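These are the residues of each chain, in order.
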Amino acid sequence: MNCRRASHLISALIDGELCGAEALRLREHIEQCPVCRADYETLRETKQLLSGMAVVEPRPGFEQDLLNYVLSAPCEPAWKRAIVGWWQTTDRRNRMRAAAAFAALSLAVLALSVRGTLQTASSALPSYERLSMANGAWASPLPGRDVGFVHETVDRPQPVRYQPSQGLCGADSMPDIRTIPPWHTYLPVSSAP
Amino acid sequence: MKIAVSQPRTSHWCDSDIFDEYVRRYYRLAYNIAYRMSGNHADAEDITQEAFIRAYRFFDRYDPSLPFENWLYRIIANVFIDDVRRRPKVKLQSLDQTVTARSTAGEVHLELPDDSTNPETMMMQAALDEPLQRALESLPRDFRHAVILADIEGLSYEEIAAVMGCSLGTVRSRLHRGRKLMRNRLLAENYLPSGRLGGEK
């Protein structure tokens, strides 16, 4: 056994928490190594001093005060006793586990709700046709860059037919030149500049 | 005619007579740990009160087949954890330190191991109480708690692991490191017998 390993085990030896074989090997090492022996001795003395410390006495009236204070505590409702009671009387490891499970659950709920919101939002967005009809052919919703949602509805844009009621041009048989979509809207979205 | 009524388990909740007994029996134990952890009487009283209030409120969570001390130890440990976050870090200088030392002088031999019951050792131990308490307070909280449970309360590693909610390995390393820090401080202040003889490394 080397000193490094021995130094980790010395406290356990002092507390009687080492199993037989390991304790034996450690004792052998302590016999031979003066540094570890000094380590052992001083740690043992430290423990001895600590276990010899006096029991601290509370002030004389404390017992009655404590009883009055504790027994006058209001009764909690059952749900609170179940939740808060569990939290306050359980050990730290289980507290951590519960907190981690709760965090994971809330994260999952959050992720699902965000995903749901995104889906609803994208289906609620106006498609290319609706957009172009609403805005007139001038406002092209495909300005050349892929804006994410539009590519789902990309068809070859159809030129809007001239409608006589608009009466913009004056000549009834002539198509309105402004209704022809710009050149880049004919290209596939992926190759748009 | 006597009618035997079996008590439902929830009936001992808020049953002050039963809990009364628990408080009387265990408040010294709780107070001792609380004082060793906090180092002053005001905090020790607060911690003890908080621990017993929690124990009383949630007494129906206590399993009577297990020792009450272990349950109380765990509640006290939680009070330490919860308290430290809430309380600003203030070092209180205790004014009644000397009163304690005087009033406990008669009790000292009850807690000492058999080999050190002679008056000289007791005197020495009483004189050492304050430096030891100061050294304890200088430790990080988890180390201090482990050292108090092991060396002052005499719990096994397994019990400490259950109280502190950690593994045996963690208990082992906390105790070892905590005790080493204590040892170094006591050596530096020349309180260890072998240190005084010049036997330290």
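Residues numbered from 1 in each chain as written. Chains lettered and ligands numbered in written order. Predicted model: local features only at pLDDT ≥ 70, side-chain atom pairs only at ≥ 80, totals over all residues.

## Examining the overall build of chain A
In step 1: Secondary structure summary: chain A contains seven helices and zero strands in total.
In step 2: In sequence order, chain A lays out its α and β elements as α-α-α-α-α-α-α.
In step 3: Within chain A, the proportion of its 193 residues that are buried is 16%.
In step 4: Residue pairs at least 24 apart in sequence account for 55% of intrachain contacts in chain A once pairs closer than 6 positions are excluded. (Helix = DSSP H or I, 4+ residues; strand = E, 2+ residues; numbered from the N terminus. Buried ≥ 20, exposed ≤ 12 C-beta atoms within 10 Å, placed from the backbone. Contact = placed C-beta atoms within 7 Å.)

## Observations regarding the overall build of chain B
In step 1: Along the backbone of chain B there are 10 helices and zero strands.
In step 2: Start at the N end of chain B and walk to the C end: the helices and strands fall as α-α-α-α-α-α-α-α-α-α.
In step 3: Considering chain B as a whole, with its 201 residues, one finds that 37% of them fall into the buried category.
In step 4: Pairs at least 24 apart in sequence give 62% of the contacts found in chain B among residues at least 6 apart.

## Thoughts on the interface of chain A and chain B
In step 1: Taken together, the 41 residues of chain A in the interface contact 65 residues of chain B.
In step 2: Of all elements in the fold, only helix 1 (3-14), helix 3 (34-51), helix 4 (62-71), helix 5 (78-89) and helix 6 (92-124) of chain A reach the threshold of two or more residues within the side of chain A that touches chain B.
In step 3: Among the elements that make up the side of chain A that touches chain B, the one with the highest residue count is helix 3 of chain A (11 residues).
In step 4: Broken down by class, the residue content of the side of chain A that touches chain B amounts to 19 nonpolar, 10 polar and 12 charged. (Nonpolar A, V, L, I, M, F, W, Y, C, P; charged D, E, K, R; others polar.)

## Observations regarding the nonpolar core
In step 1: Core analysis: the biggest nonpolar cluster contains 54 residues, and A34, A51, I76, A146, V147 and I160 of chain B have the highest contact counts within it.
In step 2: Look past the residues within four positions of I160 of chain B in its chain and what remains in contact with it is A146, L149, A150, L155 and V171 of chain B.
In step 3: By size, the runner-up hydrophobic cluster in this structure holds 10 residues, among which are L9, I14, L26 and L43 of chain A. (Core = buried A, V, L, I, M, F, W, Y, C linked by C-beta atoms within 7 Å.)

## Things to note about unusual backbone geometry
In step 1: Despite not being glycine, N190 of chain B has its phi angle at roughly 65°, a positive value.
In step 2: Assignment of secondary structure puts N190 of chain B in the loop between helix 9 (168-188) and helix 10 (193-196).

## Quick word on the packing of helix 3 of chain A against helix 9 of chain B
For any two helices packed against each other, one specifies the inter-axial angle together with the distance between the axes.
In step 1: Contact pair helix 3 of chain A / helix 9 of chain B: the axes reach a minimum separation of 9 Å and the direction vectors enclose 95°. Between helix 3 of chain A and helix 9 of chain B, the angle is such that the two are roughly perpendicular. For the pair formed by helix 3 of chain A and helix 9 of chain B, the contact residues are T42, L43, T46 and K47 of chain A on the first element and R179, M182, R183, L186 and L187 of chain B on the second.
In step 2: Looking at the contact of helix 3 of chain A with helix 9 of chain B residue by residue, the class counts come to four nonpolar, two polar and three charged. (Axes fitted to C-alpha atoms, helices over the stretch in contact; angles between N-to-C directions. Parallel < 35°, antiparallel > 145°, perpendicular 65-115°, else oblique.)

## Considerations on the environment of L136 of chain B
In step 1: Its place among the elements puts L136 of chain B in helix 6 (residues 119-137).
In step 2: Each C-alpha atom of the pair L136 of chain B and R185 of chain B lies 9.6 Å from the other, and the pair is 49 residues apart in sequence.

## Observations concerning the confidence of the model for chain B
All names here are of chain B.
In step 1: Residues with a pLDDT of 70 or more make up 69% of chain B, whose mean pLDDT is 75.
In step 2: Every residue in residues 4-12 is under pLDDT 50, and counting partners more than four places away or in other chains gives four contacts.
In step 3: Counted against residues more than four places away or in other chains, residues 89-116, with its pLDDT under 50, gives 35 contacts.
In step 4: Note on the complex model: pTM 0.64, ipTM 0.70. (pLDDT = per-residue confidence, 0-100.)

## Digging into the packing of helix 7 (residues 141-152) of chain B against helix 8 (residues 157-164) of chain B
Residue and element names in this part refer to chain B.
In step 1: Two elements in contact, helix 7 and helix 8, have axes separated by 10 Å at closest approach and are oriented at 140°. With respect to helix 8, the axis of helix 7 lies oblique. Considering the relative orientation of helix 7 and helix 8, their crossing is right-handed. When helix 7 is examined against helix 8, the residues H145, A146, L149 and A150 are found in contact with a partner set consisting of I160, V163 and M164.
In step 2: Considered class by class, the residues forming the contact of helix 7 with helix 8 number six nonpolar, one polar and no charged. (Left-handed = near helix turned anticlockwise from the far one by under 90°.)

## Considering the confidence of the model for chain A
In step 1: Confidence along chain A averages 75 in pLDDT terms, with 66% of residues attaining 70 or more.
In step 2: Averaged pLDDT values over the elements of chain A bottom out at 53 in helix 7 (residues 128-135) of chain A and peak at 90 in helix 2 (residues 20-32) of chain A.

## Quick notes on the environment of S38 of chain B
All names here are of chain B.
In step 1: With respect to the helices and strands, the residue S38 is situated in helix 1 (residues 16-38).
In step 2: Judged by the 21 C-beta atoms lying within 10 Å of it, S38 falls in the buried class.
In step 3: Distance in space between the C-alpha atoms of S38 and F80 is 9.1 Å, their sequence separation being 42 residues.
In step 4: If near-sequence neighbours (up to four positions away) are discounted, S38 is found in contact with D43, A44 and I47.

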